[in-house]
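Reading the structure
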Amino acid sequence: DTMFVRGLKRKCFDGEEDIEGTLAGIKAIPSYNLQRQSLLDMSLVKLQLCHMLVEPNLCRSVLIANTVRQIQEEMTQDGTWQMINTQSTGQASLDRLVSTDILCRSSREQAEGKHVSGYSTFNKDFEGNQAQDSSETMSTTSSLQAPRNLQSNAWEMENPQENKGNFQKSLDQIFETLENKSPNSVEDLFSEVDNSYYDFDTMLTGMMSNTKMGHCDGLETFPSPTTTASNSNCKSDLNELDHIVEILVES
Amino acid sequence: VFSPKDKTIKLWKITERDKRPEGYNLKDEEGKLKDLSTVTSLQVPVLKPMDLMVEVTPRRIFANGHTYHVNSISVNSDCETYMSADDLRINLWHLAITDRSFNIVDIKPANMEDLTEVITASEFHPHHCNLFVYSSSKGSLRLCDMRASALCDKHSKLYEEPEDPSNRSFFSEIISSVSDVKFSHSGRYMLTRDYLTVKVWDLNMETKPVETYQVHDYLRSKLCSLYENDCIFDKFECAWNGSDSVIMTGAYNNFFRMFDRNTKRDVTLEASRESSKPRAILKPRRVCVGGKRRKDDISVDSLDFTKKILHTAWHPTENIIAIAATNNLYIFQDKVNSEMH
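Model, not experiment: these values are computed from the prediction. (Residues numbered from 1 in each chain as written. Chains lettered and ligands numbered in written order. Predicted model: local features only at pLDDT ≥ 70, side-chain atom pairs only at ≥ 80, totals over all residues. Heavy atoms only, no water.)

In this section: the side chain of B:Asp297. Residue and element names in this part refer to chain B. Inspection of the secondary structure puts Asp297 in the loop between strand 20 (287-288) and strand 21 (298-299). Here the side chain of Asp297 touches Arg294 through a polar contact of 3.1 Å, landing on its backbone nitrogen. Apart from residues lying up to four places away in sequence, Asp297 is in contact with Arg286, Cys288 and Lys292. (Helix = DSSP H or I, 4+ residues; strand = E, 2+ residues; numbered from the N terminus. Polar contact = N/O pair within 3.5 Å; in protein donor to acceptor, adjacent residues only side chain to side chain. Contact = heavy atoms within 4.5 Å.)

Here's what the structure looks like:
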């Protein structure tokens with residue numbers, strides 16, 4: 001989407017409160033509606049990029065999603081939202097407000113076919129092939145964030161973490177299950193933990209073996225609708241865990 | 001010293017070493033074993049001075065307690081327990097027990113689709129070991145009493161300032177998100193930092209803060225750009241001085257700000273190598289927002305948003321402050337005779 005490439009050089013719309021008053025004026029300032037639409041689009045891109053990260057910043061995602069909701073609510077009250085929706089899908093729009101569900105889905109879950117309900121402009125992109133879209137949006141990201149070097153640094157730093165992220169995701173799954181289990185089983189899991197955590201190598205090995213046990217235990221009871229996908233992921237996860245141990249131990 | 005690395009909490013011991021033993025019987029100066037046939041007499045190793053060395057060793061690792069990123073840790077006044085907070089939960093730990101913790105706050109909704117608010121910071125009360133506060137991304141503070149119930153989902157007090165309708169924008173909620181909360185040393189007040197202000201709250205007044213200070217109000221008209229480049233999500237810390245009379249927080253361009261609660265004076269200072277040599281007194285800085293521009297003023301448009309001072313700390317009793325600016329740590333102290341620096 002070339003809009004954001006252009007956006008680098010153009011100053012973002014600020015002082016939007018003033019816009020309606022000064023519109024008649026001297027230079028071509030975009031209308032409030034256009035500004036608002038641009039903010040909505042920017043926010044949706046940000047949210048979509050969150051999904052690319054295996055470990056998104058939850059606070060930031062929640063704030064952006066709330067912003068999107070506010071815009072959509074205002075647009076619904078305006079009647080603008082209905083207009084946009086009838087053009088693209090021909091349906092009434094009042095219940096198409098953004099679901100925060102999208103916040104907590106990783107790109108992997110997207111690929112497994114869980115549908116994200118939501119907003120008109122991005123509907124097709126989401127339902128489409130996630131893998132294909134990611135390379136396009138990645139290049140959009142880097143061009144959007146180029147003038148702020150620290151942003152691209154943060155992006156680069158994320159990549160080595162990706163493997164760690166899968167590992168963490170396995171832990172996440174374990175904890176989802178553990179919350180529902182009785183206290184006894186939690187203690188059982190923790191009783192295996194080696195308390196002599198003075199040596200980093202021991203600690204890492206200890207964590208890894210717990211994870212391997214816990215992961216398989218978790219899968220047996222984890223009420224996942226996509227069981228087959230989870231089972232096939234178990235093996236690849238264990239391979240990735242081994243891989244991660246190598247990386248962590250080497251570093 | 002605690003360091004939460006994402007989701008694992010580690011307790012480190014910091015030791016200083018400025019002496020080392022010399023004259024071992026079995027090892028030579030380089031640590032190699034001596035040939036025992038050359039050892040003819042016994043000697044007692046002697047401690048000799050050496051260059052100061054600071055060592056950090058991990059003493060406890062509190063793992064597997066959090067599903068989300070840890071945003072704050074607070075040691076209790078009982079010196080036995082501490083709490084750690086992530087986006088949705090707060091856990092209570094005992095310093096000596098690493099394999100279990102108690103969950104004391106859980107705001108995760110049954111359906112994650114309903115999630116609209118997360119925990120951003122938390123702290124124990126400095127004197128009452130049963131009280132703690134946590135802040136949220138919607139700008140509210142909740143004071144909780146652990147004596148009331150095991151799971152502190154119901155707050156004892158809720159501190160919230162109503163929104164100013166004249167300043168409303170799509171960014172209102174984001175800039176109201178509290179990035180840090182700190183109790184005063186007296187325990188009577190709380191200090192909060194949101195994107196544009198620092199606020200002092202009286203524990204007895206839930207409806208609004210008693211004091212509000214503008215950190216960089218000139219950014220209010222730039223919120224859209226700051227949202228675009230993600231700076232609007234930066235989390236700044238705040239700090240009290242030992243007597244609770246001055247509060248401090250960081251900003252952009254390596255600037256940090258101090259507000260004197262009594263005189264109502266404030267100052268902007270810069271932490272950078274270019275602007276200060278060791279032992280030199282810091283010169284107050286000013287950001288000009290149009291109108292008259294003095295020499296050495298910085299205009300808003302030339303502020304460097306990559307130079308952010310997120311972490312600041314004030315010594316609990318002395319007037320010594322620590323400022324973290326990108327890769328550098330600055331320690332400043334006040335000159336004995338002068339007024340507030």
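The next point concerns the sheet that holds strand 19 (residues 266-270) of chain B. Backbone hydrogen bonds hold the strands of a sheet together, and the pairing may be parallel or antiparallel. Residues and elements named next belong to chain B. Read from one edge of the open sheet, four strands run 16-17-18-19, paired in antiparallel fashion. Each of the sheet's edge strands pairs with one partner strand only, and the pair in question is strand 16 (238-240) and strand 19. Averaged over all pairs of adjacent strands, the angle between their axes in this sheet comes to 20°, without regard to strand direction. In this structure, strand 18 (residues 255-260) lies alongside strand 19, joined through five bridges in antiparallel fashion. Looking across to strand 19, one finds that Phe259 is bridged to Asp266. (Pairing = 2+ DSSP bridges. Axes fitted to C-alpha atoms, helices over the stretch in contact; angles between N-to-C directions.)

All names here are of chain B. By secondary structure assignment, the location of Ala96 is in the loop between strand 6 (89-94) and strand 7 (102-106). Exposure remark for Ala96: the relative accessible area of 49% places this residue in the partly exposed category. It is 7.9 Å that separates the C-alpha atoms of Ala96 and Glu80, two residues lying 16 residues apart in sequence. (Buried < 20%, exposed > 50% of the residue type's maximum accessible area, 1.4 Å probe, protein only.)

The subject of this paragraph is helix 4 (residues 58-78) of chain A. Residues and elements named next belong to chain A. A rise of 1.5 Å per residue sets the reference length of helix 4, with its 21 residues, at 30 Å; its end C-alpha atoms lie 30 Å apart and thus fit the reference within 8%. Between the side-chain oxygen of the N-cap and the backbone nitrogen of Cys59 there are 3.2 Å, and the N-cap of helix 4 in question is Asn57. In the stretch just after helix 4, Gly79 is the one whose phi turns positive, near 95°. (Expected span 1.5 Å × (residues − 1).)

What follows concerns a nonpolar patch on the surface. Residues and elements named next belong to chain B. On the surface, Val1, Ile14, Leu52, Val54 and Val56 cluster together into a nonpolar patch covering about 470 Å² of accessible area. The biggest single contributor to the nonpolar patch is strand 3 (residues 46-62), with three residues. Structurally, Leu52 is set in strand 3. (Patch = residues over 30% accessible without salt bridge, like charges linked within 9 Å, V, L, I, M, F, W, Y side chains within 5 Å. Areas by Shrake-Rupley, 256 points an atom, 1.4 Å probe, with all protein chains shown as cover. Salt bridge = Lys/Arg side-chain N within 4 Å of Asp/Glu carboxyl O.)

Moving on, we come to the state of the cysteines. Counted according to the given criterion, the structure contains zero disulfides over all chains. Take B:Cys152: it sits in no disulfide, and the sulfur closest to it among the cysteines is that of B:Cys144, at 5.4 Å. (Disulfide = S-S within 2.5 Å.)

What follows is about the nonpolar core. Counting 52 residues, the largest nonpolar core has A:Leu39, B:Tyr195, B:Val198, B:Tyr227, B:Ile232 and B:Ile247 as the members making the most contacts within it. Elements that contribute at least two residues to this core include exactly helix 3 (32-52) and helix 4 of chain A together with helix 1 (172-176), strand 13 (189-193), strand 14 (197-202), helix 2 (223-228), strand 16 and strand 18 of chain B. Aside from chain neighbours lying at most four places away, what touches B:Tyr195 is B:Ile175, B:Ser177, B:His216, B:Leu219, B:Leu223, B:Leu226, B:Cys231, B:Ile232, B:Asp234, B:Phe236 and B:Tyr252. B:Ala239, B:Leu269, B:Trp314 and B:Ala325 belong to the second-largest nonpolar core, a separate cluster that totals 16 residues. (Core = buried A, V, L, I, M, F, W, Y, C linked by side-chain atoms within 4.5 Å.)

With that settled, the discussion passes to the pattern of salt bridges. Residue and element names in this part refer to chain B. By the definition in use, this model includes 25 salt bridges over all chains. Between Arg100 and Asp99 there is a salt bridge whose closest N-O contact spans 3.5 Å. Judged by relative accessible area, Asp99 falls into the buried class, the value being 15%. Here Asp217 makes a salt bridge to Arg220, at a shortest N to O gap of 2.9 Å.

This brings us to the sheet that holds strand 10 (residues 141-145) of chain B. Residue and element names in this part refer to chain B. Spatial ordering of the open sheet is given by 8-9-10-11, a layout of four strands whose pairing is antiparallel. Two strands in the sheet have a free side with no partner beyond their single neighbour: strand 8 (119-124) and strand 11 (157-159). Shown here is a sheet whose adjacent strand axes are inclined to one another by a mean of 20°, direction ignored. Inspection of the sheet shows strand 8 paired to strand 9 (residues 131-136) by five bridges, in the antiparallel sense. Bridge pairing in strand 9 places Phe124 opposite Phe132.

Before going further, it helps to spend a moment on the confidence of the model for chain B. Residues and elements named next belong to chain B. With 97% of its residues at a pLDDT of at least 70, chain B reaches an overall mean of 91. Contacts from residues 337-341, a stretch scored under 50 in pLDDT, to residues over four places away or in other chains number twelve contacts. Among the prediction metrics, the complex's ipTM stands at 0.88, with pTM recorded as 0.66. (pLDDT = per-residue confidence, 0-100.)

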